[in-house]
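Descriptive analysis of the structure
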Number of protein chains: 2
Amino acid sequence: MKTPARDGFRMPAEWERHAGTWMLWPERHDNWREGAAPAQRAFTEVASAIAQSEPVTMAVSAQQFEAARRALASAVRVVEMSSNDAWMRDVGPTFVVNARGERRGVDWIFNSWGGLTGGIYSPWDLDDQVAAKVLEIERCARYRAPFVLEGGAIHVDGKGTLLTTEECLLNPNRNPDLRRGQIESLLEDHLGVRKIIWLGRGVYNDETDGHVDNLCCFVRPGEVALTWCDDRSDPQYEISHEAYEVLRSARDVRGKLLKVHKLQQPGPLYMTESEAAGIEAAPGCKPRRAGERLAASYVNFYIANLAIVMPLLDARTDGRAKAALSRLFPGRKVIGVPSREILLGGGNIHCITQQVPK
Amino acid sequence: MKTPARDGFRMPAEWERHAGTWMLWPERHDNWREGAAPAQRAFTEVASAIAQSEPVTMAVSAQQFEAARRALASAVRVVEMSSNDAWMRDVGPTFVVNARGERRGVDWIFNSWGGLTGGIYSPWDLDDQVAAKVLEIERCARYRAPFVLEGGAIHVDGKGTLLTTEECLLNPNRNPDLRRGQIESLLEDHLGVRKIIWLGRGVYNDETDGHVDNLCCFVRPGEVALTWCDDRSDPQYEISHEAYEVLRSARDVRGKLLKVHKLQQPGPLYMTESEAAGIEAAPGCKPRRAGERLAASYVNFYIANLAIVMPLLDARTDGRAKAALSRLFPGRKVIGVPSREILLGGGNIHCITQQVPK
């Protein structure tokens, strides 16, 4: 095995047929409030929504195994797996396929979104083993990539175009010794892409250093959804408008201009006093404080085989977002899941899922 | 789901086609000498021998995951799973199949071979979860049996006959409230058998309370192999001769008399001073002492798709046992694996494996 691209493998788009979805069970009390119970309920609901489309596997620590098995729908497979938190998008493998339908996985180096210079928690050794453990269970060959990346930092159209952000991939807390051109080559080698579109900054106050999966995603080849803000006084305004300008003049791998769909953001939303009070702050984990702006975005949805599983975040804006997604994905049922508890932990539905292509 | 038998399921014979084999990785220092390193080498060799026939999965604790992955052949799948020790035969599920080729699993209650009255270690809570965890990964429906049993306490011919021992199944430290007839009904319900042959005692000084899989097994319908001893001064003499008398007059489910093949035992073998010194005795685990008679038997082999994986225990007797097994299984290659290290821990190759029927 050389690299996925040289071996004839490519990362499929999320809307291509899945064999299933992997998730991780939240439990750390220093990130999830009230002993993680409300987050566990939200993850359970996400798993049930996806399980209507395809098999779901929840990876759970030994300590939480029985509780998770009781809580989750019987259709959800529960397997024991240690981790440092619950972000399967970022710690899980990125699956690649070849023309013969063979499936392999890329295991990126994980450093907790920035290691000791801006990372979110320490240690992260168990998280860094998750991709390998998933690939063992899936009986998939593994490519260990020689650089730091999280699955949420990239989106692809399945045709050879990749979307990412400079804020994350060029951040010195990821791969300080790699320049833009080297990172592009590595992405091409590992994902089978040939065209990379660089956006600038990710969603305002996103602690992942601007993961693209909270900002902008492909909805089909040639079309993207972008989180949007019309309020000039909101710091998200400039971020979304800058991204829009890049996208308007960007061309995909086929040389075509992109169509950009704006998804009005919820909120702005902030962590409340009582929410912050439920978190047991501990050394080695980024503190969460009342009043902090939450990086809320409707772009952070998941494309399952038969459904779009989208975050419900704000009663004033959820309906419009749901209608927009229904128009963007006419073949799929849009299922909204209340996901403020996931947002409070630092991400959303896309961040806690990882598809296994068929 | 009612019971396997009522739902049309039966336990296949071990020689029926396998989809794979499960094992558990040894690591406890109070049972395996020298930090379990020699045992890990023996388990690794067993896994490699079986992997020549069929896919092998090794379940390993989080702590040992990377070490096991490095040690084991790449063909062996390694999955994280907590356990109290390494006896997959006894703590794993017993798989049952129906006529349509569907596969389910029976999850027996496990009490460490006798609980607090003669059991081997405490606690055993993680062991009791292993069957459920294996069945989750295999995506098999699970029957939780309402009584204590270990997989090593039974053998079947796949046609409806079951072989077991009174010493184990009627032991008050297993199911004190169940009488022989009730146990027979439960075995029939859970394994799809209709005829039970009761032997008396298991191998001398076998700490499992006489598991049949160390004493006697089917080699095909109508034929069994029995561990044998011609030395009247050896306590095994009487045990083997008693079993022989029972077997000579027993009839299987088809009403046929059995053919009994005698397998001369190795040794007798005893734990040496240096072997005992390498074990870090600890509270909650049965102590192992120099001079103890080891329950060594060549019957404790495993039938893989293409091979018999047999224990090598004594240079004076290994060759004869290997020749005998070659005659008994003409379609399979007999692979001997040095297994004294497994024997020192209290079992042998059959005890550390569990087949998944195809």
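So, on to unusual backbone geometry. Residues and elements named next belong to chain A. The linkage connecting Ser122 with the following residue, Pro123, adopts the cis geometry, with an omega of 0 degrees. Here Pro123 lies in the loop between strand 5 (103–109) and helix 4 (125–137). For Asp209, which is not glycine, the phi dihedral falls at a positive 65 degrees. Structurally, Asp209 is set in the loop between strand 9 (195–199) and strand 10 (216–220).

We now examine the interface of chain B and chain A. You'll often see interface size given as the accessible area lost when the parts meet. With 18 residues of chain B at the contact, the number on the chain A side is 18 residues. Taken together, the two surfaces of chain B and chain A that pack against each other cover about 1700 Å², and 45% of this comes from carbon and sulfur. Its largest share of buried area at the contact with chain A, chain B owes to Glu80, Glu136 and Arg139 of chain B, together 36% of the area lost on that side. Where chain B packs against chain A, one counts four salt bridges. A salt bridge links Arg69 of chain B to Glu136 of chain A; the nearest nitrogen and oxygen atoms lie 2.8 Å apart. Run the count over chain B and chain A and you get 12 residue pairs in polar contact (both at pLDDT 80 or more). Elements that contribute at least two residues to the side of chain B that touches chain A include exactly helix 2 (65–71), strand 3 (77–80) and helix 4 (125–137) of chain B.

Another aspect to go through is the sheet that holds strand 14 (residues 307–312) of chain A. All names here are of chain A. Read from one edge of the open sheet, three strands run 13-14-15, paired in mixed fashion. Each end of this open sheet is capped by a strand with a single partner; those strands are strand 13 (302–303) and strand 15 (333–338). Relative to strand 15, strand 14 runs parallel, the two being bridged by six bridges. Within the sheet, the bridge partner assigned to Ile308 lies in strand 15 and is Val334.

Before going further, it helps to examine helix 1 (residues 37–51) of chain A. For helix 1 of chain A, which comprises 15 residues, the first-to-last C-alpha distance of 21 Å matches the rise-based estimate of 21 Å (1.5 Å per residue) to within 8%. Within helix 1 of chain A the residues assigned to the buried category are Pro38, Ala39, Gln40, Ala42, Phe43, Thr44, Val46, Ala47, Ala49 and Ile50 of chain A.

Another point: the sheet that holds strand 16 (residues 354–357) of chain B. All names here are of chain B. Reading across the sheet, the four strands line up as 3-2-1-16 and stay open at both edges, with mixed pairing between neighbours. Each having just a single partner strand, strand 3 and strand 16 make up the two edges of the open sheet. The mean inter-strand angle of the sheet, taken between neighbouring strand axes irrespective of direction, is 25 degrees. Running at roughly 175 degrees to strand 1 (residues 18–24), helix 1 (residues 37–51) makes contact with strand 1 and strand 2 (56–60) of the sheet.

Turning our eyes to something else, we now look at the packing of aromatic side chains. Applying the stated criterion across every chain, the model contains 14 aromatic pairs over all chains. Their ring planes at 90 degrees and their centres at 4.8 Å tell us that Phe110 of chain A and Trp113 of chain A sit as a pair that is edge-to-face. Neither residue differs from the other here; Phe110 of chain A and Trp113 of chain A are each classed as buried. Ring geometry for Trp32 of chain B versus Trp87 of chain B: centroids 5.4 Å apart, planes at 25 degrees, classification stacked. In this pair, Trp32 of chain B sits in the loop between strand 1 and helix 1 while Trp87 of chain B sits in the loop between strand 3 and helix 3 (88–91), placing the two residues 55 residues apart along the sequence. Taking relative accessible area as the criterion, Trp32 of chain B reaches 1% and is therefore assigned buried. Linked through ring pairs, Trp32, Phe43 and Trp87 of chain A together constitute an aromatic cluster. The ring centre of Tyr121 of chain B lies 4.5 Å from the NZ or CZ of Arg28 of chain B, which sits over that ring. One Lys or Arg, Lys133 of chain B, reaches over the ring of Phe65 of chain A and ends 4.9 Å from the middle of that ring.

A word on the confidence of the model for chain A. On average, residues of chain A score 97 in pLDDT, and 100% of them are at 70 or above. Interface confidence for the predicted complex, expressed as ipTM, amounts to 0.91; the pTM equals 0.95.

On to the environment of Arg289 of chain B, then. Residues and elements named next belong to chain B. Looking at the secondary structure, you find Arg289 in the loop between helix 8 (273–277) and strand 13 (302–303). Remark: the alpha-carbon pair of Arg289 and Met271, spanning 18 residues in sequence, is separated by 7.1 Å. In this structure, Arg289 is in contact with Met271 and Ala276, ignoring residues within four places of it in sequence.

Turning our eyes to something else, we now look at the pairing of strand 9 of chain A. Remark: a regular strand shows side chains that alternate across the two faces of the sheet. Residues and elements named next belong to chain A. In terms of residue burial, strand 9 counts as a mostly covered element, since four of its five residues are buried. Note: strand 8 (residues 161–165) against strand 9, five bridges, orientation parallel. The residue of strand 9 that forms the bridge with Thr164 is Trp198.

Looking now at the relation of the copies chain B and chain A. Here two copies of a chain appear, and what relates them is a rotation about an axis with a shift along it. Overlaying chain B with chain A gives an RMSD of 0.0 Å, the required rotation being 180 degrees about an axis along which the chain moves by 0.0 Å. The two molecules are tied by a two-fold rotation axis, judged by turn and shift. Of every C-alpha in chain B, the one belonging to Glu80 of chain B sits nearest the axis of rotation, 3.2 Å from it. A symmetric contact is evident, with 100% of the interface residues of chain B recurring at the interface of chain A.

Residue and element names in this part refer to chain B. The residue Arg254 is located in the loop between helix 7 (235–249) and strand 12 (259–264) in this model. Remark: the alpha-carbon pair of Arg254 and Tyr298, spanning 44 residues in sequence, is separated by 28 Å. In this structure, Arg254 is in contact with Pro221 and Gly222, ignoring residues within four places of it in sequence.

Now for helix 4 of chain A. Residues and elements named next belong to chain A. The end-to-end C-alpha distance of helix 4 is 19 Å, a good match for the 18 Å that 13 residues give at a rise of 1.5 Å each. Largest kink in helix 4: about 30 degrees, centred on Ala131. By the criterion of burial, helix 4 is predominantly enclosed, with 11 of the 13 residues buried. Looking only at helix 4, the buried set comprises Asp127, Asp128, Gln129, Val130, Ala131, Ala132, Lys133, Val134, Leu135, Glu136 and Ile137. Two residues or fewer past helix 4, Arg139 is found with a positive phi of approximately 55 degrees.

Turning our eyes to something else, we now look at the side chain of Glu207 of chain A. Residue and element names in this part refer to chain A. The topology assignment puts Glu207 in the loop between strand 9 and strand 10. On the basis of relative accessibility, which here comes to 15%, the residue Glu207 falls in the buried class. Apart from residues lying up to four places away in sequence, Glu207 is in contact with Trp113, Ile120, Lys286, Arg288, Gly345 and Gly346.

The next point concerns the nonpolar core. Core analysis: the biggest nonpolar cluster contains 100 residues, and Trp22 and Met23 of chain A together with Trp22 and Met23 of chain B have the highest contact counts within it. Counting 46 residues, the second-largest nonpolar core is a separate cluster that includes Ala250, Val260, Leu294 and Leu344 of chain B.

What follows covers the side chain of Asp127 of chain B. With respect to the helices, strands and loops of the structure, Asp127 of chain B is situated in helix 4. No salt bridge is formed by the buried Asp127 of chain B, whose closest oppositely charged neighbour, Arg28 of chain B, lies at an N-O distance of 6.5 Å.

Calculation rules
- Note on numbering: residues in each chain are counted from 1, in written sequence order.
- For naming, the first written chain is A and the first written ligand is 1, with later ones following in the order written.
- Only residues with pLDDT of at least 70 are given local features in this predicted model, and only at 80 or more are side-chain atom pairs given and counted; all residues enter the totals for whole chains, interfaces and linings.
- No hydrogens and no water enter the side-chain calculation; it runs on all heavy atoms of the structure.
- Helix and strand definitions here come from DSSP, where helices need a minimum of 4 consecutive H or I residues and strands a minimum of 2 consecutive E residues; each element is numbered from the N-terminal end.
- Contacts are residue-level and defined by heavy atoms, with any inter-residue pair within 4.5 Å sufficient.
- We define buried area as the total accessible area lost by two parts upon association, computed with a 1.4 Å probe and summed across both.
- Salt bridges are defined by distance alone: a side-chain nitrogen of Lys or Arg within 4 Å of a carboxyl oxygen of Asp or Glu.
- Two N or O atoms form a polar contact when they lie within 3.5 Å of each other; inside protein one atom must be a possible hydrogen donor and the other a possible acceptor, and for residues adjacent in sequence the pair counts only when both atoms belong to side chains.
- Pairing between strands is defined by DSSP: at least two bridges between them are needed.
- Expected helix span is computed as 1.5 Å times (number of residues minus one).
- Relative accessibility decides the category of a residue: with a 1.4 Å probe and only protein chains considered, values under 20% of the type maximum give buried, values over 50% give exposed, and everything between is partly exposed.
- Interaxial angle, 0 to 180 degrees, is taken between N-to-C directions of lines fitted to C-alpha atoms, where a helix line uses only the stretch in contact.
- By convention, a stacked pair of Phe, Tyr or Trp rings (six-membered ring in the case of Trp) has centres within 6.5 Å and planes under 30 degrees apart, an edge-to-face pair has planes over 60 apart, and any other such pair is tilted.
- Two limits define a charge over a ring: the Lys NZ or Arg CZ must be within 6 Å of the ring centre, and within 35 degrees of the ring normal.
- Residue-level confidence of the predictor, termed pLDDT, takes values from 0 up to 100.
- All copies are superposed by least squares; the fitting set is the C-alpha atoms of residues with a pLDDT of at least 70 in both.
- At every residue, the bend is computed as the angle between two fitted axes, covering the seven residues ending there and the seven beginning there respectively.
- Residues grouped as a nonpolar core are buried Ala, Val, Leu, Ile, Met, Phe, Trp, Tyr and Cys residues, joined through side-chain atoms within 4.5 Å.
- Neither His nor the chain ends is counted toward charge; the positive residues are Lys and Arg and the negative residues Asp and Glu.

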